[in-house]
Amino acid sequence: MYAVLKTGGKQYRVAAGDVLKTEKLAGDVGESVEFDEILVVGGDDVRIGAPTVSGAVVRGEILEQTRDKKVINFVHRRRKASSRRKKGHRQYVTIVRINEISLPDDGKEASDE
């Protein structure tokens, strides 16, 4: 079974056992985290949300709170005065292991939240 979840303005396709690098989430290492904005749940029968699948939850465990690779922003203006600027930053990220994908048993397809 797989699910498409939305967090940090991005969408991720995950299955049980996957390791996911997301935008920073609140919580410490070892704590559990729940994602409730589930867009699609697939497997034997596919459930597509409108916009989300009601009652579907993806649970995971925080493995690490860290920072990503450095992103460099280099600006070079060529005309007249030669101007150069180099800036960079490291984005905070959270590494999560997906433990389970659960669906409600009521048979509803999608919600109009």
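Structure report, in brief. Since the structure is predicted, the reported quantities are computational estimates derived from the model, not experimental observations.

1. Some points on the overall build of the chain
Here is step 1: Summing up its helical and strand segments, the chain has zero helices and eight strands in all.
Here is step 2: Its C-alpha radius of gyration of 19 Å places the chain more than 25% over the 13 Å reference for a compact globule of 113 residues.
Here is step 3: For the chain, the spread of C-alpha atoms along the principal axes amounts to about 70 × 30 × 25 Å.
Here is step 4: A total of 113 residues make up the chain; the buried ones form 31% of that total.
Here is step 5: Taking the intrachain contacts of the chain between residues at least 6 apart in sequence as the baseline, contacts between residues at least 24 apart amount to 66%.
Here is step 6: On the chain, roughly 7,700 Å² of surface is accessible, and the fraction owed to carbon and sulfur atoms is 45%.

2. A word on the sheet that holds strand β7 (residues 57–77)
Here is step 1: The antiparallel open sheet is built from four strands, whose spatial order is β3-β8-β7-β4. The open sheet is flanked by β3 (19–23) and β4 (32–35), the only strands paired with a single partner. When strand polarity is set aside, the average angle formed by the axes of neighbouring strands in this sheet is 45 degrees.
Here is step 2: Both β4 and β7 contribute to a ladder of four bridges, which runs antiparallel. By the bridge assignment, Phe35 is partnered in β7 with Val58.

3. Digging into the side chain of Thr94
Here is step 1: In this structure, Thr94 sits in strand β8 (residues 83–102).
Here is step 2: At 2.9 Å, the side chain of Thr94 and the backbone nitrogen of Leu25 are in polar contact.
Here is step 3: Residues in contact with Thr94, not counting those within four places in the same chain, are Leu20, Lys21, Thr22, Glu23, Lys24, Leu25, Ile62, Glu64 and Gln65.

4. Describing the packing of aromatic side chains
Here is step 1: The full count for this structure, using the stated rule, is zero aromatic pairs.
Here is step 2: The positively charged end of Arg13 is found above the aromatic ring belonging to Tyr2, 4.1 Å away from the centroid.

5. Re the environment of Asp45
Here is step 1: Within the secondary structure layout, Asp45 lies in the loop between β5 (38–42) and β6 (47–48).
Here is step 2: Placed 31 residues apart in sequence, Asp45 and His76 show a C-alpha to C-alpha distance of 53 Å.

About the criteria used
- Residues numbered from 1 in each chain as written.
- Predicted model: local features only at pLDDT ≥ 70, side-chain atom pairs only at ≥ 80, totals over all residues.
- Heavy atoms only, no water.
- Helix = DSSP H or I, 4+ residues; strand = E, 2+ residues; numbered from the N terminus.
- Rg over C-alpha atoms; globule rule 2.2 N^0.38 Å.
- Buried < 20%, exposed > 50% of the residue type's maximum accessible area, 1.4 Å probe, protein only.
- Contact = heavy atoms within 4.5 Å.
- Areas by Shrake-Rupley, 256 points an atom, 1.4 Å probe, with all protein chains shown as cover.
- Pairing = 2+ DSSP bridges.
- Axes fitted to C-alpha atoms, helices over the stretch in contact; angles between N-to-C directions.
- Polar contact = N/O pair within 3.5 Å; in protein donor to acceptor, adjacent residues only side chain to side chain.
- Phe/Tyr/Trp six-rings, centres within 6.5 Å; stacked < 30°, edge-to-face > 60°.
- Lys NZ or Arg CZ within 6 Å of the ring centre and 35° of its normal.

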